[in-house]
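Residue-level structural notes
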Amino acid sequence: MKRKIMQFCLLILLLSTFFISGCKKEVEDLAVATMFGGDYVNVNGVDQFQVWMRIMRPSDTGKQDSQQKDGTSSEYLISATSTSMMEIISRLMIRLPKTPFYGHTYVHVYGARNAQENFPTQIGVSMNNADARGGAFLLVTKGLASRIIQLQPSGTTTLAQQIKNQSERIAIDKGVACGITMNEFSEWLLSPDRDALLPEIEPISSVEGETVPDSVIVQGFGVFREARLVGWLDKEEALGYLLIARKLKDVHIAIPFTINNKSLGYYLTGSKSKINFTITNGKPSFKIKIQTVGLIPETGGLDITPDQIKPLEKLISDKIREYPLKSIAKAKEYDSDFFGLMQKIHRYDPSFWQEIASKWRDTFRQADVEVEVEAKIVGSGVVSKSFNSLSE
Amino acid sequence: MIKKLLTKVLSRSSQKIFKTPQDDTQETRTLTSDIDTNLQILHDFFHLCEDIVSKEFILNLPTSTRSFIIYADSLCDPVMINESILKPIMQENYFQVQEITTMNASLPQIILKRILINHQAKPVSDIQQLSNFLLNGHLILVIDGYSTAIAIAVQGYEERAVNEPSSEQNIRGPRDSFVESLPTNVSLLRRRIRSSRLKYQSMTLGEISQTKVGICYIQGIANDKIVKEVKVRLNRINIDSIMDSGYIEELIADESLTLFPLVQNTERPDRTAASLFEGKIAIIVDNTPSVLIVPCTIVSLFQASEDYYNNNIFATLIRIGRFFAINIALIAPAITVAVFSNNAELIPLNFLTTVAGARSDLPFPISIEIILMELTFELLREAGVRLPRTVGQAISTVGGLVIGQAAVTAGIVSPITVIVVSITAIASFVFPDYSLGTSIRILRFVLIILSSFLGLFGIVAGLMVILFHLCGLRSFGVPYLWPIAPLSVRDLKDTFVRAPWWAMSTRPSLTTDKESLRQASKQGPTKPDKEVNDQ
Amino acid sequence: MLLFMSITTTAILFVPGIIVQKTGQSAWLVTLFSSPAGIITLLIIMKLGQRFPRTSLPTYSEIILGKVIGKFFCVAYALFFFTANTLIIRECSEFLTYSLSSGTSMIVLNSAIVVVAGFGAFKGIEVIARANQFVLPLFIISFVCLFGLALFKADYERLLPLWETGIQPILLNSVAPASFFGEIVILLMLLPVVNKPREAWSKGLWTIFTATAFLTICALMIITVIGPNLSGHLLFPLWNLAKSLEYGNYIQRIEGFIFFFWLTGIMIKTTLFYYLTCFMSAQIFGFKSYHPIICYLAPLQVASATFLVSNTIQFQNILGKYWPPFGLFFEIVLPLFLLLVAVIRKKGVGGSIR
C-alpha cells in the first residue's frame, strides 16, 4: 500500500514537471523588442500602417568577445504592414521565433504622416499593452520611421539605448530638445486645454559631412494640434520652448553673441521661468519672465571686468529673448498652444476659462505674449585671464 | 480536517493498550529474610544479565552473618566499591559498635548509619525499587536475616568530557556544552545559577529505558501555569524508550504536523541559563546533550547567545542581517524562478539579454534547473554530515564547486542557477537553530514549485499560507509569532535589534508575569565628572 | 487594524480610476467626502453593540425582529458578504491578469486565492488578525516608499483648478468610495470577539481617518504624477504610477516590490470576508463549527468569481454604478433599521424590557 502511494506521488511529480515546462514564457523564449517604429505608408494604393520593431538578440556568454566586435549586430528587425493595428501585431508575431515582449521598449518612433493622421489609434494600442511602460520615450521623424529604425550605430550601445540617452539627457543638455514620455504625452493629448509636442529625431552621419547616415540626432520638436502633427520647431525655437516651459538644471547650452565683431559665447547652465497673465477686456495677456544663469568661457579675447558685466548681461538677455519669441510666433502660426499658457488660465482663472473654453485657440492666437529675460553671469570659467592675449 | 485524517491513519496501528511484558508477570514482591531466597529471587530477576554480578561474603560478627552484594558491573566504580563499601563492612569490628549490644538496632541500620563511608545510601525492600536502584548504578547489600537491603550509590561509568558544542559555535562567550550525563548537565546549570530559586525536579520516562528527565526553572520568574503544563504533558508520555530529547519534543509539542519547531533545543548551558532567566523552562534528558527549552517563539530561534556578549550595535546589525538571510534562504530561488520564467518585466535590460543568451541552449526550464541544483546541494549537505571528518571538508567544498562548474560547462544548468543556489545555501547556514533551518529548506522547495506555476503571485500565496500557519501556532500557550503579532512594543527591543543591556530592564512579558524588572533602571554608561588627569 | 487593511487595499486599486474619470482633479476631495459614510456606519454599529454586548448579529437580530425575519435578515447579510467577497476576488484576479500574471487563466488565479483565503479562514479570526499585524507595517512601508518616490515627480499645478466641476459631482461621486468605507460594517460581526469593546469606538474612528488619508494621498499622487486626464482613462492608475517611477538606472521596476505587499494585503482582506461569510452562515444554520462550510463555499466562490461577471467592462460598471447603492444599503440602511426597531421595541441593554 505504501509503495503504491509512493508511486502515485512520483507520478504526480513527473506530471507536474510537464505542466511546469509547458505554458510559461521563459526568459530565453522572449523576443525583447527594444524599439518600435510606426509608419503610415501607401502600399499599392492603399494606406496602411507599417510597424517596425528592433528585437534584441541574446548575447552568448560562451563565445569569444572578438566575434561580437566583428559587427554582427546584436539586434534584428521585423516589420509588417496592414490596415489595422491588431492585424499587424499578429503578422509580426508570426514572423518571430519567440514570444514578443514589450517590457523594455523604451523608444517609440513615429513617422510624420502617421503622426499627422492616425495618432490616437497608435498610442491607444501601445498603452494598452500590459507590458508597456509609461516612461517610454516617444519621438517623431520627418520622413519614415523605418529609416531611423534600420540604422546601425557604430558605438557600443544599441540604437534604442542611444536614443534613450539622447532623449533623457543629451538633448536637453544641449538645449535642442527634451524627452517626452508616453505618460506625459498622453496626458497632454487628453487635456482639453493644451497641445502636445514630441521631440524630433533625424538620421545623421556621425562624421559631419558624410552623406550616409549611421546615427541619429534628437533635435527640435514636432508640434501637434489636437491629435495631429502640424509643424516642426527647429533648434532655436526648441530652445525657446525649453526656456519657457521647462526648468533647466545643470545644462550646457551655448548661446553665441557678438560684441564689436568679436564672438563670445554664453554658456547657459540653468533657467527658470514664471508665467503670469492678466485678463483685459476678455483678452488675456501673458507675461513670461525667464531667469537664466550661466558662464562666459569664450570671451573672444576680452578680459571681463566687473563693470562690464551689467552691459554684457543686458546684451545676452536681449539675445536670449529672441528664442522664446520665435517659438511663440511659431505656436501662433501653427495654432497650437504647446507651452501650456492657456492651461495656466484654466488653472488659475477657471471662470474665465469657462467663457472661452470652446474657442480657446483663437483666444490664444490673439493673446499678447511678452517675454522678459534676465540673464546672470556667474563666472567666466576656471581660466580667469584669457589666452588670447598671446596672439596680440 | 486533514490533520484528523492523518492522525487516524497513523495511529491505527497503536490502538492496543500499551503495556510492557514485565508488568504482567510481576506482582509487587519484597525481599525475604532468608538470604538464599533473596539471592535466588534476584538471580531470577536478572537472569541472563551477565553484567549484574553478585559477591557473597561474611560479616565480621559472632553469628558469621552472610551477606552478598549485587551490582551492575557496567555501571559501578570498582574502586569505590572496594574502598568505601567492602573495606569498612568486611573489616569492621562489629563488637566495638555499641548499638549492637545496647540498643539492639537492626544490622542494616547500623551499617547504613555508622559504618558505610558513602554519601548516598538508602534502605530498600521492594524488588522493583531495588532493581531500579541497581540499574541506576547502585550497589545492593543484602544481609541474611533481614528483609531490608541497602542501596548504595556507586556510579562510575565513562562519560564524555565537557568540551565545545558541535553545532552552536561562537567566537566570544563560554564554550562548554552539555554532555550525555544528567548530573553533569545539571551541574553546568547550577554553576551558572547559584540560587535556591533554581528548582530541579526529576522524573523517569520510558517504560523500559527508564530514562531520567529533569525539569529546571527559576521559581518566581517562570510562569507557574506553564510549569504545571509541562509537568502534565511529561507525565502523559507513555512510551517504551526515550533515546533523545527529540522523542519528548514531539510528544509534548502543541502540534505535531508542523514544520516549525515548537520546542527549542540547545547544547549550550549559557543559552539555557539565559532562557531560564527569561521565564522559560528547561527539560534535561539523560543520555543526550540536547536540552529542550519551552516555550519557544520564532524570535528566540533567531537569537544567538553571542548577540548578548558582543557590542550591541554590531549585534543589531547582525540580527538584521539574519532576518535578511532567512528571507533570502526562503524565497531567493523562488523569486529567481518566478522572475525568469513568468514575470520577465522585472529584470533590467542588460541582465535580461545576458541571461537569455546564457540560457538559450539549455535543455531544462529554469524551474527544473533550480530544483535539480537544490536537490544536489541537499544531497551534498547530507553526505557531508555522514562523512568522516577528514574527508568531509574536502568533499563538500570540492563537491559544491566542481559539480556546479561542471554542470555549467556541460550545458545542463546556467551559471545564474549555481549562483542563486549557492547564495541560498550560505544564507541558510546563518541561523543559530538547526531545526528552523530544516524547515526553511523544505519550505523553499514548496515555494519554488508554487512560483513556477503562478509566478510572483504564487510566491505571495505560498507566503500567506505559511504566515497563516505561523500565526496559528502556539507553543505551550505562547503565540509563536510573539512579539511581532500580538504586538508588544516593549519587547520588540530584543527581536530585530539588540538594545544595550541597560535598556533591557524588563523581562519578556508573556512568559513571566511577576518580577518583570530584571535590573535597576538607568544603568547606562556614565562618565565620571572629571577627567582622571585633571586635578 | 484589520479594518484599515481591508478597506484600503482594494479601494486603492479601483476607486481612483473611477472617480478621477468623473471629477478630474478634484478627485481627492471626493475621498474626503466619503468618509462620513464610514463614520455613520461606525456609529450605528457601536450603538447596536452597546445594546447587545457580546452577542453576535444572528442572535440579536433574532431578538429584535423575531425568529423568521431575523433569520432572513442574516441570510441577506451572509449573501452580502458573499457577494462582497466575490467582487474582491474578482478585483484581485483582474489586477493580476492585467499586471503581472497575464498568462494565467482566471480560474486558476481565483482558485489559488480562494485556497489561501480558505486556509486562513479555517484557522480563525485570531490568526487572521495576527497575520494582519505582521503584514500591515510592510504594507505601509511600501506605500510610504511609493509616496516618497512619487513626490519627486509630482507636478502640483495639476491639482488646479479646485472646484471646477462644482460641488455636486463631487458629492455624487463620493458614493462609490463610501461603499468601500462602509465595509466597516464587518465590525458588526467582529464586535463580539473584540477584546476591548470600549476602545472600539476610538479605534474605529482612527481607522476611518487613516484610511481616508491614505486614499486621499493616493488620489493626490495619481493626479499630480500622471495627470487628471490620463488617469481617468486608465484602469489601474496606481499600477501605471508604480511602473513609471524610475530614477537613473538603479531604482527601476519598483512595481514588483510594491505589488508583493499589495497582494498580501488583498489576500488578508479576502480571508477576512471569507471567514465572515462562513462564520455567519454557520451561525444562521446552527452548525457547531464553520469549518465544513469553508469547503462547500470554496468552489461556489471560485465559480461565482469567474463566471458571474463576464468581463472587465461589466465589472467596472458594477463597481461604479451598481455596487455602491447596494453596498450602502447593507452597510447603513439595514443596521439603522435594526437599531431603530431595537429602540422601538425596547430590546437589549439600555432598554427597559428584556
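1. Let's talk about the overall build of chain C
Scanning chain C for helices and strands turns up 15 helices and zero strands. Of all intrachain contacts in chain C linking residues separated by at least 6 positions in sequence, the fraction that spans at least 24 positions is 84%. Approximately 13600 Å² of chain C is accessible, and the part contributed by carbon and sulfur atoms is 71%.

2. Some points on unusual backbone geometry
One can expect most non-glycine residues to show negative phi and most peptide bonds to be in trans. Residues and elements named next belong to chain B. Omega for the peptide link from Val294 to Pro295 comes to -20°, which places this bond in the cis form. By the secondary structure assignment, Pro295 is in the loop between β10 (291–294) and α12 (305–309). The phi dihedral of Gln210 is positive, around 45°, even though this residue is not glycine. Residue position: Gln210 is located in the loop between β6 (198–205) and β7 (211–218). Here Gln210 falls in the partly exposed class, since its relative accessible area comes to 35%. You will see that Asn287, though not glycine, has its phi angle at about 70°, which is positive. Within the secondary structure, Asn287 sits in the loop between β9 (281–285) and β10.

3. Things to note about the interface of chain B and chain C
Listed by partner, the interface residues are 27 residues for chain B and 34 residues for chain C. Each partner contributes to the roughly 2700 Å² buried at the junction of chain B and chain C, and carbon and sulfur atoms together form 76% of this total. Here chain B is connected to chain C by zero salt bridges. The tally of links from chain B across to chain C stands at zero residue pairs in polar contact (both at pLDDT 80 or more). No other element matches helix α19 (residues 456–472) of chain B, which puts 13 residues into the side of chain B that touches chain C.

4. Concerning the confidence of the model for chain B
Counting all residues, the mean pLDDT for chain B is 78, and 81% of those residues have values of 70 or more. Here residues 20–26 of chain B scores under 50 on pLDDT; set against residues more than four positions off or in separate chains, the count is five contacts.

5. Here we look at the packing of helix α13 (residues 254–285) of chain C against helix α14 (residues 291–308) of chain C
All names here are of chain C. Here α13 crosses α14 at 125°, and the two axes come no closer than 10 Å. The pairing of α13 with α14 is recorded here as oblique in orientation. Crossing geometry of α13 relative to α14 is assigned as right-handed. For the pair formed by α13 and α14, the contact residues are Tyr274, Thr277, Cys278, Ser281 and Ala282 on the first element and Ile293, Ile294, Leu297, Ala298 and Gln301 on the second.

6. Focus on the sheet that holds strand β3 (residues 121–124) of chain B
All names here are of chain B. Reading across the sheet, the five strands line up as β1-β2-β4-β5-β3 and stay open at both edges, with antiparallel pairing between neighbours. The open sheet is flanked by β1 (52–58) and β3, the only strands paired with a single partner. On average, adjacent strands in this sheet sit at an angle of 25° to one another, irrespective of strand direction. Two strands pair when backbone bridges link them, and β3 and strand β5 (residues 149–153) are joined in this way by four bridges, in the antiparallel orientation. What sits directly across from Ala121, in β5, is Ile152. Against the sheet, helix α3 (residues 35–45) contacts β1, β2 (66–72) and β4 (138–143), and its axis sits at roughly 15° relative to β2. Together, β3, β4 and β5 form the strand contacts of helix α6 (residues 107–115), whose direction differs from that of β4 by roughly 140°.

7. As for the nonpolar core
When a protein is soluble and globular, its nonpolar side chains tend to lie buried together. Counting residues in hydrophobic clusters, the biggest one holds 127 residues, and the most contacted among them are Phe457 and Tyr480 of chain B together with Phe143 and Tyr274 of chain C. Ranked by the residues each element gives to this core, the list is headed by α13 of chain C, at 19 residues.

8. So, the packing of helix α9 (residues 235–245) of chain A against helix α10 (residues 306–334) of chain A
Residue and element names in this part refer to chain A. It is at 7 Å that the axes of α9 and α10 come closest, and there the two elements cross at 100°. On the basis of the axis angle, α9 is roughly perpendicular to α10. Contacts from Glu236, Glu237, Leu239, Gly240, Tyr241, Leu243 and Ile244 in α9 reach Ile320, Tyr323, Pro324, Lys326, Ser327, Ile328 and Lys330 in α10. The residue makeup of the contact of α9 with α10, split by class, is eight nonpolar, two polar and four charged.

9. Section: the sheet that holds strand β8 (residues 264–266) of chain B
Residues and elements named next belong to chain B. With antiparallel pairing, the five strands of this open sheet are ordered in space as β6-β7-β9-β10-β8. Both outer strands of the open sheet, β6 and β8, are each paired with one neighbouring strand and no more. Across the sheet, the mean angle separating the axes of adjacent strands is 25° when strand polarity is ignored. Along the sheet, helix α9 (residues 224–236) contacts β6, β7, β9 and β10; its crossing angle with β7, the most-contacted strand, is approximately 175°.

10. Section: the environment of Gly222 of chain A
Residue and element names in this part refer to chain A. Within the secondary structure, Gly222 sits in strand β9 (residues 215–225). Separated by 11 residues in the primary sequence, Gly222 and Leu233 have C-alpha atoms spaced 6.2 Å apart. The contacts of Gly222, once residues within four sequence positions are left out, are Val140, Ala196, Leu197, Leu198, Leu229, Gly231 and Trp232.

11. Looking at the pairing of β6 of chain B
All names here are of chain B. Bridge count between β6 and β7: eight bridges; the pairing is antiparallel. Within the sheet, the bridge partner assigned to Gln201 lies in β7 and is Ile215. From the end of β6 to the start of β7, which pair antiparallel, there are five residues, and Gly206 there has a positive phi angle of about 90°.

12. Topic: the packing of aromatic side chains
If you walk through the whole model with that rule in mind, you get nine aromatic pairs over all chains. Here the aromatic rings of Phe277 of chain A and Phe286 of chain A are separated by 6.1 Å at their centres, their planes lie at 55°, and the arrangement is tilted.

13. Looking at the pattern of salt bridges
The full count for this structure, using the stated rule, is 19 salt bridges over all chains. We note a salt bridge from Glu180 of chain B to Arg160 of chain B, for which the minimum N-O separation is 3.2 Å. Remark: Arg160 of chain B occurs in the loop between β5 and α8 (182–192) and Glu180 of chain B occurs in the loop between β5 and α8; sequence separation between them is 20 residues. For Glu180 of chain B, a relative accessible area of 29% translates into the label partly exposed. One connected set of salt bridges, linked through shared partners, spans Arg225, Asp335, Asp362 and Arg365 of chain A.

14. Thoughts on the pairing of strand β12 (residues 262–280) of chain A
Residues and elements named next belong to chain A. Pairing of strand β11 (residues 248–259) with β12 involves nine bridges; the strand directions are antiparallel. In the sheet register, Leu248 faces β12, and the bridge partner there is Ser271. From the end of β11 to the start of β12, which pair antiparallel, there are two residues, and Asn260 there has a positive phi angle of about 50°.

15. Some words on a nonpolar patch on the surface
A surface patch of nonpolar side chains, amounting to about 410 Å² of accessible area, comprises Ile313, Leu317, Ile320 and Phe324 of chain B. Considering the arrangement of structural elements, one finds Ile313 of chain B in helix α13 (residues 312–342).

16. Brief notes about the side chain of Ser67 of chain B
Residue and element names in this part refer to chain B. One can find Ser67 in strand β2. When its relative accessible area of 0% is taken as the criterion, Ser67 is described as buried. Dropping the residues within four chain positions of it, Ser67 is found in contact with Ile35, Lys55, Glu56, Phe57, Leu59, Leu141, Val142 and Ile143.

Reading the values: the criteria
The residue numbering used here restarts from 1 in each chain and proceeds along that chain's sequence as written. Chain letters start at A and ligand numbers start at 1, both assigned in the order the entries are written. Thresholds applied to this predicted model are a pLDDT of at least 70 for local features of residues and 80 or more for the giving and counting of side-chain atom pairs; totals over whole chains, interfaces and linings are not thresholded and use all residues. Hydrogens and water are ignored here; the side-chain numbers use all heavy atoms of the structure. Each helix is a run of H or I in the DSSP string that is no shorter than four residues. Each strand is a run of E no shorter than two, and both are numbered from the N terminus. By definition in these notes, contact holds between two residues if any of their heavy atoms fall within 4.5 Å. In this description, accessible areas are obtained by the Shrake-Rupley approach with a 1.4 Å probe, and a residue is regarded as covered only by the protein chains that are shown. When accessible area is computed with a 1.4 Å probe and restricted to protein chains, residues below 20% of their type maximum are described as buried, those above 50% as exposed, and intermediate ones as partly exposed. Buried area, as used here, totals the accessible surface that two parts lose on assembly, with accessibility defined by a 1.4 Å probe and the loss added over both. Any Lys or Arg side-chain nitrogen found within 4 Å of a carboxyl oxygen on Asp or Glu counts as a salt bridge. Pairs of N or O atoms are called polar contacts if they sit within 3.5 Å, as long as, within protein, a hydrogen donor faces a hydrogen acceptor (for residues adjacent in sequence, only side-chain-to-side-chain pairs). Every residue is assigned a pLDDT by the predictor, reflecting its confidence on a scale from 0 to 100. Only the stretch in contact is used when fitting a helix axis, every axis being a line fitted to C-alpha atoms; angles between N-to-C directions are given from 0 to 180 degrees. By definition in this entry, angles of less than 35 degrees are roughly parallel, angles greater than 145 are roughly antiparallel, angles of 65 to 115 are roughly perpendicular, and the rest are oblique. By definition, any crossing whose near helix is turned counterclockwise from its far helix by less than a right angle is left-handed, and any crossing with a clockwise turn is right-handed. Should DSSP find at least two bridges between two strands, the strands are taken to pair. Each nonpolar core is a collection of buried residues, namely Ala, Val, Leu, Ile, Met, Phe, Trp, Tyr and Cys, held together in the definition by side-chain atoms within 4.5 Å. Think of it as three bins: nonpolar holds Ala, Val, Leu, Ile, Met, Phe, Trp, Tyr, Cys and Pro, charged holds Asp, Glu, Lys and Arg, and polar takes everything else, Gly as well. In this scheme Phe, Tyr and Trp rings, the latter by its six-membered ring, pair at centre separations within 6.5 Å, and the angle between planes marks the pair as stacked below 30 degrees, edge-to-face above 60, and tilted otherwise. The residues that make up patches have over 30% relative accessible area and no salt bridge, and they are joined within 9 Å when like-charged or within 5 Å when they are Val, Leu, Ile, Met, Phe, Trp or Tyr.

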